Amino acid sequence: MSGRAVARAAASRVLAVLRRQSQRAVGFGLRRNVLLIFTLGSLTLSAFLAVTTYGLVRSNLTDQRDSSSRVAAYRNAQAVQNALQGEPATAELATRELQRLNVERPVIRYGGEWTGTGRFGFEAIPDSLQARVLEDLTPARMITNVGDETVLVVGIPLPELGGYFEFFSMEDDNRALSNVALSLFLAAVITTLLGVLLGAFAARRAVRPVAAAAQAAKAIAGGRLDTRLDDTQDPDLGVLASSFNDMASALQLRLERDARFASDVSHELRSPLMTLSASVEVMQARRNDLPERAQSALDLLSGDVARFQGLVEDLLEISRFDAGAIRLHLEDLLVIEFVRQAVAVSSTPSIAVAAHGRAERAVIRGDRRRLARVVANLIDNALAYGGGEPTVDVADGAPDEPALTHVRIAVEDHGPGVPVEERSIIFERFARGVGAGQRTGSEGAGLGLALVDEHVRMHGGRVWVDDRLDGKPGARFVIELMATEPE
Amino acid sequence: MGTRILAVEDDERIRTAVKLALEDEGWTVEEAASGEEAVTLFARQPPDVVLIDIMLPGIDGFDLCRTLRRTSDVPIVMVTARNDTHDVVAGLEAGADDYLTKPFAPKELSARIRALLRRVRPSAPGRERLVFGDLELIPEAGKVLRDSTEVHLTKTEFRLLCELAENPGKVLSREALLDKVWGYDYFGDGRLVDVHIRRLRTKIEADPAAPRHVVTVRGLGYRLET
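Nothing here was measured: the structure is a model prediction, and the numbers come from that model. (Residues numbered from 1 in each chain as written. Chains lettered and ligands numbered in written order. Predicted model: local features only at pLDDT ≥ 70, side-chain atom pairs only at ≥ 80, totals over all residues.)

The next point concerns the interface of chain A and chain B. At the interface, 23 residues of chain A touch 21 residues of chain B. Those elements that provide at least two residues to the side of chain A that touches chain B are α6 (235-285), α7 (292-322) and α9 (368-386) of chain A. No other element matches α6(A), which puts twelve residues into the side of chain A that touches chain B. Along the lines of polarity and charge, the residues of the side of chain A that touches chain B split into nine nonpolar, eight polar and six charged. (Contact = placed C-beta atoms within 7 Å. Helix = DSSP H or I, 4+ residues; strand = E, 2+ residues; numbered from the N terminus. Nonpolar A, V, L, I, M, F, W, Y, C, P; charged D, E, K, R; others polar.)

In structure tokens form, the structure reads like this:
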């Protein structure tokens, strides 16, 4: 496998891992997890704070109400006791005394009789409270509901007299408490929302280096081998960045070494090749002086020296591609003129080139020497595998468009064709398909089509293989290039 | 004595094989293993064509080319290791007339040498002298005068100027010039023409950056102004 193919394979493996991770945990997953943690965290925290605060406020309020009620009840009970111990001692007087003191909801038990009836009368006093105060003679208090009003009932025994009860409304406290609850609820909601926002921000921050790594891996897969992640002070991300960069450097180094090796080998091969081809030529000039068997051997030798030379040239060319050392010498070329000239210098100059429609006037921008090799390689390929003389035609790439945009240069042969499953791998280096017997004869060096692909892609075009247009067996290799029509 | 070729190449086996192949063309081949040896041989008896490998021990091919160019207009073929722009253009700017990339077929080399030799004896435009402003061309004598002072051109530069002068005011495409001057087909290297035009301008133009004689016609080629 060539260096570039290794790069592509390795980088796409890295990319696949990153992509898989991003599907599982990173892209959506990590972000979602961070967001979820922040949301749940802020929700729990604010709920806890709200509930605790509410509890504290309520017990505070209750305590306050409780003690102030108790103080008031004791004072009023004292007044009642005083009134009942005086002369004449009637509940009537005690009640009047309480009215003077502005006591709102008193109930007195005196001499087995109750004062006060109605809504806040003795009927509203729970039995258990009555029992504790009147029978156990202990002061007691109880929260109860009268109608829909929550009240605190305080009962104080009046020794030998009876007992004193008073209702204290707790509605103010409840109102205050529900205000507090509402504020706390709103505060909790706001805090949670802030937590979610913070979580989203943190999630984005957390994913950013991973996204950067994915992008860098994609760039490397695309051939930009010098792509690196930025250095960072963050110790956690620093590990990711530095190991990613180490990987990229190792990959780049290895690919460069591979490319340099291929290039060095080809360079080293050129010197013996020079000697070989010159010597063979000297012998060819004296071919007729040789015995018949030596002639056959010489023909084999010179044929393979030429093939060897072609292969080394192809290897050099392809290692130049890998090193990115190819610079196109772009010119405007009249396609039909160019293709005819390219065919004329190919191994079968006799092929006629047909042109259809607007393609006859089409002009492409290209490197004529490199594109000529593309055409020559396709013709050689057709000759090697196609059986018989191929045909070459030039056609409009998009006949339905109002203006000419593309031209297609096609070479058709009469061979067995290329099976559909081999059509994409046939342009790889030294590709030998399943039908190797058919498509790779003795000429099957396997670099010609790879070079075609590299050259055409460098020109911004594409190349593919299809069935013959007339339906007969055979392959149709098509190059599509951008073209314009001169005014 | 026939045509003499000086082959400068440090690899002895290549040198010998190339010598054998070129001798089959009926040429005499002298060998030099280094630039220094080539300079000595050249001084003793200047050859008709020099073949220089760029990668040489000691003074390299570019320097050797420049050294020879200081005193001679002999046709020079460079052998470059790579076909990249740097080596080719540097070789041509050092004064080479043509180049080949290793590995080349000896047949190709002899074709290049034949084209260069043909060029040394140009088919004269037929007129005795041609005048273009301050420029004067005497094809028969192989002379070019600027402001009545002789300008020294290499044979290829002279031949290029003659082709342009044969069609004054007419645009000649790179392909046409490659065909006429170098004997290349449609797929010759246009850089040959561009570098030689540039070198020609430094010799015959008052201001090579703003040429008045040899004008570039964008996308088409070159023209000699009348």
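Once that is clear, we can look at the packing of helix α2 (residues 35-44) of chain B against helix α3 (residues 61-71) of chain B. All names here are of chain B. It is the contact of α2 with α3, at a shortest axis distance of 10 Å, that shows an interaxial angle of 20 degrees. Of the possible angle classes, the one that applies to α2 and α3 is roughly parallel. α3 is crossed by α2, and the crossing has right-handed handedness. Taking contact as the criterion, the partners of Gly35, Ala38, Val39 and Phe42 in α2 are, on α3, Asp63, Leu64, Thr67 and Leu68. A class-by-class count of the residues in the contact of α2 with α3 yields five nonpolar, two polar and one charged. (Axes fitted to C-alpha atoms, helices over the stretch in contact; angles between N-to-C directions. Parallel < 35°, antiparallel > 145°, perpendicular 65-115°, else oblique. Left-handed = near helix turned anticlockwise from the far one by under 90°.)

So, on to the packing of helix α8 (residues 335-344) of chain A against α9(A). All names here are of chain A. Running from amino to carboxyl end, α8 crosses α9 at an angle of 60 degrees, the nearest separation of the two axes being 9 Å. Crossing hand, α8 versus α9: right-handed. Together, Phe338, Val339, Ala342 and Val343 of α8 and Arg368, Leu371, Ala372, Val375 and Ala376 of α9 make up the contact between the two elements. When its residues are assigned to classes, the contact of α8 with α9 shows eight nonpolar, no polar and one charged.

Okay, the environment of Leu193(A) next. Structurally, Leu193(A) can be placed in helix α5 (residues 171-221). Considered as a pair, Leu193(A) and Thr39(A) are 154 residues apart in the sequence and their alpha carbons are 7.8 Å apart.

With that out of the way, let us pick up helix α3 (residues 91-100) of chain A. Residue and element names in this part refer to chain A. Buried within α3 are the following residues: Ala91, Ala94 and Leu98. Across the axial projection of α3, the buried residues extend over an arc of 60 degrees, all falling on one side. Facing away from the buried side of α3 by over 90 degrees, the exposed positions are Glu92, Arg96, Gln99 and Arg100. Directly after α3, the chain includes asparagine 102, whose backbone phi takes a positive value near 60 degrees. (Buried ≥ 20, exposed ≤ 12 C-beta atoms within 10 Å, placed from the backbone. Arc of directions from axis to C-beta.)

What follows concerns the confidence of the model for chain A. Caution applies to low-pLDDT regions: their predicted coordinates should not be interpreted in detail. Residue and element names in this part refer to chain A. On average, residues of chain A score 83 in pLDDT, and 91% of them are at 70 or above. Helix α10 (residues 436-439) is the least confidently modelled element of chain A, averaging 45 in pLDDT, while strand β10 (residues 406-412) averages 93, the highest of any element. Within the model, the stretch residues 434-443 combines pLDDT values under 50 with twelve contacts to residues more than four positions away or in other chains. (pLDDT = per-residue confidence, 0-100.)

On to the sheet that holds strand β10 (residues 172-173) of chain B. Residues and elements named next belong to chain B. Reading across from one edge, β10-β12-β11 is the order of the three strands in this open sheet, with antiparallel pairing throughout. The strands lining the two open edges of the sheet, one partner per strand, are β10 and β11 (214-217). In terms of strand pairing, β10 meets strand β12 (residues 221-224) through two bridges, oriented antiparallel. By the bridge assignment for β12, serine 173 is matched with glycine 221. The strands touched by helix α6 (residues 155-166) are β10, β11 and β12; relative to β12, the strand with the most contacts, the crossing angle is about 75 degrees. (Pairing = 2+ DSSP bridges.)

Residue and element names in this part refer to chain B. If you walk across this open sheet you meet the five strands as β2-β1-β3-β4-β5, and the pairing is parallel. Looking along the sheet, the strands with just one partner apiece sit at the ends: β2 (28-32) and β5 (98-101). Neighbour to neighbour, the strand axes of the sheet diverge by 20 degrees on average, direction disregarded. Note that strand β4 (residues 76-80) and β5 share four bridges and pair parallel. Counted as the bridge partner of valine 79 is leucine 100 from β5.

To continue, consider the environment of Glu389(A). Residues and elements named next belong to chain A. Tracing the chain through its elements places glutamate 389 in the loop between α9 and β9 (391-396). Taking the number of C-beta atoms within 10 Å as the measure of exposure, glutamate 389 has 14 and is therefore partly exposed. Counting along the chain gives 23 residues from glutamate 389 to glutamate 412, while the straight-line C-alpha distance between them is 9.1 Å. Apart from residues no more than four positions distant in its own chain, glutamate 389 is found in contact with Thr348 and Ile351.

Let's shift gears to unusual backbone geometry. Residues and elements named next belong to chain B. In this model, lysine 102 is joined to proline 103 through a cis peptide bond whose omega is -5 degrees. With respect to the secondary-structure elements, proline 103 resides in the loop between β5 and α5 (106-120). The residue aspartate 147 is not glycine, and still its phi comes out positive at about 50 degrees. As for its placement among the helices and strands, aspartate 147 is situated in the loop between β8 (143-146) and β9 (149-151). The exposure class assigned to aspartate 147 is exposed, which follows from the 10 C-beta atoms found within 10 Å. Non-glycine residue serine 148 carries a positive phi angle of around 65 degrees. Of note, serine 148 is situated in the loop between β8 and β9. Accessibility expressed as a C-beta count within 10 Å gives 7 for serine 148, which makes it exposed.

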